[in-house]
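If you want the building blocks of each chain, they are given just below.
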Amino acid sequence: MNTPSPALQNLTLPELEQRLVELGEPKYRGGQVMRWLYGKRTESYEKMSDLPAALRARFIAEFPFVRLENVRVLGSKDTTRKFLFRLPDGALIESVLIPASPALYGEASDRRTICMSTQVGCAYGCKFCASGLDGWSRNLSAAEIAGQFIEVERIADEKINNIVFMGMGEPLANFANLMKAIEIINSDWGLGLGARHITISTSGLAPQIRQLADQPKQIRLAISLHGATDEVRQQIMPVNRKYPLAELMSACSYYTTKKKQRITFEYILIKGINDEPAHAADLARLVKNIGGAKVNCIPYNKVEGLQWDRPDEARQDAFMAVLDKARVLATIRREKGHDIAAACGQLRRQTMQK
Ligand code: SAH
Ligand code: SF4
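Since the model is a prediction, treat every value here as computed from it, not as a measurement.

S.K.: How should I be thinking about empty space enclosed by the protein in this particular structure?
M.R.: Over the atoms rolls a probe the size of a water molecule, and in doing so it shows where empty space is left. For the coordinates displayed, the defined rule picks out one cavity of 30 Å³ or more. Reported here for the largest cavity is a volume of approximately 170 Å³. For the largest cavity, the lining is made up of 16 residues, of which Gln 9, Phe 65, Val 66, Gly 147 and Ile 150 are closest to its centre. When residues of the lining of the largest cavity are traced back to their parent elements, those giving at least two are helix H2 (29-39) and helix H4 (142-156).

What follows is the structure, given as structure tokens:
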């Protein structure tokens with residue numbers, strides 16, 4: 001299911017240079033092609049006017065040009081906007097553009113964040129999540145991941161300065177393509193966005209968290225925790241059976257120590273499942289072992305067809321009060337884009353069901 005596409009947009013600069021040399025071209029053409037792709041954001045090989053006509057013709061004949069077709073946009077300027085894309089094979093994915101900074105990172109508010117997908121569907125089947133409802137179809141290629149950034153900037157006509165991999169799919173289950181996409185996004189020859197402005201959210205793939213800690217970029221990490229004991233967590237997240245909390249937290253410690261970075265733990269508040277004050281006390285105990293950890297609580301965003309609900313505000317406040325008293329650095333994010341089904345995987349499902 002993960003056949004490598006020959007698209008040039010899946011290559012890093014050194015890989016492209018090597019490919020060009022194999023095609024009998026000078027190495028410097030690699031930089032030229034990258035300037036067209038990511039500097040000028042050219043939409044076809046035809047327009048790469050400083051390349052010899054024969055080379056352009058060869059590119060057109062041999063290398064597909066990956067473009068994401070925009071099917072729908074929900075929301076309007078200055079609000080959360082949701083973009084549905086059709087990929088070359090017909091698969092649908094979504095990206096979300098969020099105008100101010102999410103409460104998560106708490107810095108200047110002029111930033112625009114894009115929430116991007118990494119897979120078509122998701123294999124992890126968290127019980128509360130729309131993305132996993134129809135299972136997993138395939139990994140996105142690096143070009144399809146980076147392409148979301150390019151297309152959303154183009155359509156919105158705005159600069160995006162922050163990326164969160166919190167859309168459809170489990171980013172760390174598509175590790176190689178994700179890292180390649182981040183290379184494209186992060187490099188000077190690519191989109192030039194700093195690694196500190198990129199956050200990967202994971203449901204807790206412990207071995208890949210360690211792998212991420214061992215690579216050099218200062219990418220930020222968010223963990224979808226949602227339960228602070230194995231008992232609570234595995235009720236709603238099957239992945240917890242494979243990587244129980246002890247293993248996950250040990251990988252998180254490794255990440256924090258290696259990167260000298262703060263990890264964010266995300267905790268969806270689901271009524272009757274994980275929202276009692278005692279659950280908050282468990283959560284405080286758990287994250288206190290991880291240096292500088294931050295907790296981001298998110299009241300559950302209702303998904304059609306699933307039985308879960310968010311607790312009322314009084315209960316949310318009681319939960320936060322316990323964290324506060326335990327001196328855990330915690331914020332609560334009152335969901336943006338609630339009205340346009342902005343939680344992961346929901347717009348795609350609505351479109352598929354029509
Ligand atoms: N697979 C990765 C990244 C995508 S999900 C992960 O699970 O971390 C991004 C975040 O949205 C996760 O924390 C996920 O648990 C959360 N989420 C999923 N469905 C939600 C819903 N209905 N309401 C609120 N948050 C939701
Ligand atoms: Fe997959 Fe993340 Fe949704 Fe779980 S929460 S099903 S890992 S996308």
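S.K.: Please explain the nonpolar core as it appears in this structure.
M.R.: Across soluble globular proteins, nonpolar side chains show a tendency to be buried alongside one another. Judged by nonpolar contacts, the single largest core of 104 residues is most densely connected at Phe 59, Phe 128, Phe 165, Phe 265 and Leu 323. For this core, the domains that each give at least three residues are domain 1 (8-62) and domain 2 (69-352). If sequence neighbours within four positions are ignored, Leu 323 has contacts with Ala 280, Leu 283, Ala 284, Val 295, Cys 297, Val 328 and Ala 330. Counting residues in each nonpolar core, the second largest holds six residues, with Val 96, Ile 98, Val 164 and Ala 222 among its members.

S.K.: So what exactly am I meant to see when it comes to the pattern of salt bridges here?
M.R.: Pairing is possible between side chains that carry opposite charge, provided their charged atoms lie close to one another. Enumeration according to the criterion identifies 21 salt bridges in this entry. For the salt bridge of Lys 82 with Glu 94, the shortest nitrogen-to-oxygen distance reads 2.8 Å. Placement of Lys 82 in strand E2 (residues 81-86) and of Glu 94 in strand E3 (residues 92-98) is noted, with a sequence separation of 12 residues between them. Overall, the relative accessible area of 0% leaves Lys 82 in the buried class.

S.K.: Looking at this structure, I do not really get the domain arrangement of the chain. What am I missing?
M.R.: Where the parts come together, the accessible area they lose is often given as the size of the interface. Once the domains are mapped, the chain shows domain 1 (8-62) and domain 2 (69-352). Using C-alpha coordinates to define each centre, domain 1 is positioned 34 Å away from domain 2. Contact with domain 1, which involves 10 residues of that partner, is made by 14 residues of domain 2. Of the roughly 1,100 Å² buried where domain 1 meets domain 2, counting both sides, 59% is carbon and sulfur surface. Its largest share of buried area at the contact with domain 2, domain 1 owes to Asn 10, Tyr 38 and Arg 41, together 57% of the area lost on that side.

S.K.: Explain the side chain of Arg 81 here, please?
M.R.: If you trace the backbone, Arg 81 turns up in strand E2. Assessed through its relative accessible area of 9%, Arg 81 is described here as buried.

S.K.: Please clarify how the site of ligand 1 should be interpreted in this entry.
M.R.: The local shell around ligand 1 holds 20 residues, among which Gly 169, Ser 201, Ser 224, His 226 and Asn 301 are the closest. In the environment of ligand 1, a nitrogen atom lies 2.9 Å from a nitrogen or oxygen atom belonging to the backbone of Gly 169. His 226 is positioned such that a nitrogen or oxygen atom in its side chain is 2.6 Å from an oxygen atom of ligand 1. Listing elements by their share of the shell around ligand 1, those giving two or more residues are strand E8 (198-202) and strand E10 (264-269).

Definitions and limits used
Residues numbered from 1 in each chain as written. Chains lettered and ligands numbered in written order. Predicted model: local features only at pLDDT ≥ 70, side-chain atom pairs only at ≥ 80, totals over all residues. Heavy atoms only, no water. 1 Å grid on protein atoms, 1.4 Å probe; cavity = no way out; pocket = protein on both sides within 12 Å on 5 of 7 lines; lining within 4 Å. Points joined across faces, edges and corners; volume = space filled by probe spheres on them. Helix = DSSP H or I, 4+ residues; strand = E, 2+ residues; numbered from the N terminus. Core = buried A, V, L, I, M, F, W, Y, C linked by side-chain atoms within 4.5 Å. Buried < 20%, exposed > 50% of the residue type's maximum accessible area, 1.4 Å probe, protein only. Domains from an automatic or database assignment. Contact = heavy atoms within 4.5 Å. Salt bridge = Lys/Arg side-chain N within 4 Å of Asp/Glu carboxyl O. Buried area = accessible area lost by both parts, 1.4 Å probe. Near = heavy atom within 4 Å. Polar contact = N/O pair within 3.5 Å; in protein donor to acceptor, adjacent residues only side chain to side chain.

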